[in-house]
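# Topology and contacts: notes
In case you want the letters, here they are:
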Amino acid sequence: MSQLSRRRFLFSAGVSAVGAVALKGCVGNPPSSTQTGSSPPAAPAVNVGGGQGVETATARIGYIPIFEATPLIIAQVKGFFAKYGMTDVQVLKQSSWGSARDNLVIGAAGGGIDGSQFQMPMPYFIASGKITDNKPLPMYVLLQTSTHGNGIAISDKHLGKGLNLDASKAKGYISELKAKGTPFTAAYTFPAANQELWIRYWLAAAGIDPDNDVKLITVPPAQTVANMKTGTMDGFSTGDPWPYRILAEKIGFMSALTAQIWPNHPEEYFAMRADWVDKNPKSTKALLKGIMEAQQWCDDPKNRPETAKILAGREFFNLAEDILNPPLQGKYAMGDGQPTIDDAKMSPLFWKDGKGSVSYPYKSHDTWFLTENIRWAMLPEDTDVKALVDKTNREDLWREAAKEAGIADADIPKETSRGVEKFFDGTTFDPSDPTAYLKSLKIKKVKV
Ligand code: CA
């Protein structure tokens, strides 16, 4: 390891150890969800390795304070992990995506974590060593935490320039900015994953080349709003509640929600170190059952106000509830003369969406993320996508966990592919032929 990377590594580990907020499971207390009416209290939660037959009742899970983390937080707070035997789970706030990665590499034994919420395809980049100093750390992708709830925010200085869902009207304006030496600058908090891929997709669909017509940068999460305010950043690809806050704080407007760019799209995932899963397959399934129950709970409209209340807590998002409620109800004031959105189907969804299961980790979606990386030359074009997906995606464990938890058959996808996907601009992605998709795209870096 080079001197520089060693320093970065130690630095991020130190930051996360100090900055992490733990919420310990209530060992020995029955989860409230198992208490009903006048029936006697449930037996104390299982001991380590006992009761429900988990190999270990302990796990350390990382999260980033955005809506994609909701099922992990709710599973802990509402006792769903404990209900399935995982009585000693810690859900730990990570200061950045880089910290989540570094803490995962360290592992729980070293004070890090066993698994985390991740943008895609970060678990693949960790498994290949691409973002871990070329030291591969095998990973398993286990469950999708949510869909929707992301968007592209634009600074108010670009009001009225056509930077909306179909931004093709702004093509000339973007060229002018470049010619003046002040190219449109857009940011995300980790490269080559969801946020960058969404903004690249949106720009390219408008005929704007993200590699030549604009400037794309990675910005630490804590600096994003400040950079928008000072004008050093023109656009920001981000997750809720930030799109709503940018409007509420009159910093900018929303050009597009991801729910518009690709309705019912794959968003973020729960992934774990493969060594932990291989050693603890029953505990892994118990974690999945807890998250699945949380996802169902979160999607019940009557639980959304309580969801906002829990997330708003100091130990989680540390934000006012009234900032979290509108997006959780699918209410987005887009700004820039666009119609206001008020549709629960456009809100972050955790269990089911317009295309079926949100939670199920379709291999076809992993395939899209890796194909999109190839499109932008973030991965070599000869990458064996199928082999990587087959090695990393553990939809088999999701299925087993769902069956054991008594999930209705209708809610357990039968296929590993969700089939052909359609984007707002009419582009289609057939997971059985990613090359055809790449060929169909006008703006790309890969030569196909
Ligand atoms: Ca996201």
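Residues numbered from 1 in each chain as written. Predicted model: local features only at pLDDT ≥ 70, side-chain atom pairs only at ≥ 80, totals over all residues. Heavy atoms only, no water.

### A few points about the overall build of the protein
Of the regular secondary structure elements, the protein holds 18 helices and 16 strands. When each of the 448 residues of the protein is scored for burial, the buried share is 58%. Restricting to contacts in the protein with at least 6 residues of sequence separation, those with at least 24 account for 75%. Summed over its atoms, the accessible surface of the protein is roughly 17500 Å², and 54% of this surface lies on carbon and sulfur atoms. (Helix = DSSP H or I, 4+ residues; strand = E, 2+ residues; numbered from the N terminus. Buried < 20%, exposed > 50% of the residue type's maximum accessible area, 1.4 Å probe, protein only. Contact = heavy atoms within 4.5 Å. Areas by Shrake-Rupley, 256 points an atom, 1.4 Å probe, with all protein chains shown as cover.)

### Some points on the sheet that holds strand 5 (residues 150–155)
Read across the sheet, five strands follow the order 7-6-8-5-9 without closing on themselves; strand pairing throughout is mixed. Across the chains shown, the open sheet's two edge strands, defined by having one partner strand only, are strand 7 (215–218) and strand 9 (252–257). Going across the sheet, the axis of each strand differs from the next one's by a mean of 30°, ignoring polarity. Sheet topology places strand 6 (residues 185–188) next to strand 8 (residues 235–239); two bridges connect them, and they run parallel. If you follow A186 over to strand 8, its bridge partner there is G235. (Pairing = 2+ DSSP bridges. Axes fitted to C-alpha atoms, helices over the stretch in contact; angles between N-to-C directions.)

### Structural notes on helix 13 (residues 304–312)
For helix 13, every residue scored as buried is listed here: R304, T307, A308, I310, L311 and A312. Against helix 2 (70–77), helix 12 (281–299) and helix 14 (321–328) lie the buried residues of helix 13.

### Some details on the layout of surface pockets
The calculated volume of the largest pocket comes to roughly 440 Å³. Mapped onto the lining of the largest pocket, the elements with two or more residues apiece are helix 1 (3–19), strand 8 and helix 9 (242–248). With three residues, the single largest contributor to the lining of the largest pocket is strand 8. Residues belonging to the lining of the largest pocket are distributed by class as follows: 13 nonpolar, eight polar and two charged. (1 Å grid on protein atoms, 1.4 Å probe; cavity = no way out; pocket = protein on both sides within 12 Å on 5 of 7 lines; lining within 4 Å. Points joined across faces, edges and corners; volume = space filled by probe spheres on them. Nonpolar A, V, L, I, M, F, W, Y, C, P; charged D, E, K, R; others polar.)

### A word on helix 14
Judged by how many residues are buried, helix 14 sits mostly within the fold: six of eight residues are covered. Every buried residue of helix 14 is accounted for by I323, L324, N325, P326, P327 and L328. Taken together, the buried residues of helix 14 touch helix 9, helix 13 and strand 11 (331–332). One or two residues past the end of helix 14 sits G330, with phi positive at roughly 80°.

### Describing the sheet that holds strand 10 (residues 268–273)
As summarised here, the arrangement of the five strands in space is 2-1-3-10-4, forming an open sheet in which the pairing is mixed. On the outer flanks of this sheet lie strand 2 (88–93) and strand 4 (139–146), each paired with one strand and no other. The average angle at which neighbouring strand axes cross in this sheet is 25°, direction not considered. Note: strand 3 (residues 115–118) against strand 10, four bridges, orientation antiparallel. Of the residues in strand 10, the one forming a bridge with G115 is M272. Taken strand by strand, helix 4 (residues 97–106) contacts strand 3, strand 4 and strand 10, and its axis lies near 155° from that of strand 3. On the sheet, helix 12 packs against strand 1 (58–63), strand 2, strand 4 and strand 10 and is oriented at approximately 15° with respect to strand 4.

### Details of the packing of aromatic side chains
Evaluation of the coordinates by the stated rule reveals 15 aromatic pairs. On the basis of an interplanar angle of 80° and a centroid distance of 6.1 Å, the ring pair of W198 and W262 is categorised as edge-to-face. Of this pair, W198 sits in helix 7 (residues 194–205) while W262 sits in the loop between helix 10 (258–261) and strand 10, and the two are 64 residues apart along the sequence. Residue W198 shares its accessibility class with W262, and that shared class is buried. Taking the centre distance of 5.9 Å and the plane angle of 35° together, the rings of W368 and F423 count as tilted. Of this pair, W368 sits in helix 15 (residues 363–375) while F423 sits in the loop between strand 15 (421–422) and strand 16 (428–429); the two residues are 55 residues apart in sequence, bridging distant segments of the chain. (Phe/Tyr/Trp six-rings, centres within 6.5 Å; stacked < 30°, edge-to-face > 60°.)

### Topic: the pattern of salt bridges
Counted under the stated rule, the structure contains 22 salt bridges. Between R101 and D102 there is a salt bridge, with its nearest N and O atoms 2.9 Å apart. With a relative accessible area of 11%, R101 lands in the buried category. For D102, a relative accessible area of 3% puts it in the buried group. The closest approach of N and O atoms between K445 and D211, which form a salt bridge, is 4.0 Å. Placement of K445 in the segment after helix 18 (434–440) and of D211 in the loop between helix 7 and strand 7 is noted, with a sequence separation of 234 residues between them. Here K445 falls in the partly exposed class, since its relative accessible area comes to 45%. Among the ionic contacts, a cluster of salt bridges with common partners joins E196, R200, D211 and K445. (Salt bridge = Lys/Arg side-chain N within 4 Å of Asp/Glu carboxyl O.)

### Considering the nonpolar core
F118, L163, F184, I199, W202, W368 and Y437 are the most contacted members of the largest nonpolar core, which totals 64 residues. It is helix 7 that contributes the most residues to this core, seven residues altogether. Ignoring any residue separated from it by four or fewer positions in sequence, one finds L163 in contact with I154, H158, A170, Y173, I174, F184, W202, F253 and S255. By size, the runner-up hydrophobic cluster in this structure holds 52 residues, among which are A75, Y84, Y140 and A274. (Core = buried A, V, L, I, M, F, W, Y, C linked by side-chain atoms within 4.5 Å.)

### Section: the confidence of the model for the protein
Scored by pLDDT, the protein has a mean of 89; 88% of the residues are at 70 or more. A low-confidence stretch, residues 1–50 (pLDDT under 50), is modelled with 69 contacts involving residues beyond four sequence positions or located in other chains. (pLDDT = per-residue confidence, 0-100.)

### Examining the environment of P136
Tracing the sequence through the fold places P136 in the loop between helix 5 (122–128) and strand 4. Note on P136: relative accessible area 53%, which makes it exposed. Residues P136 and F125, spaced eleven residues apart in sequence, show a C-alpha to C-alpha distance of 8.4 Å. What P136 contacts, discounting residues up to four positions off in sequence, is I126, A127, S128 and G129.

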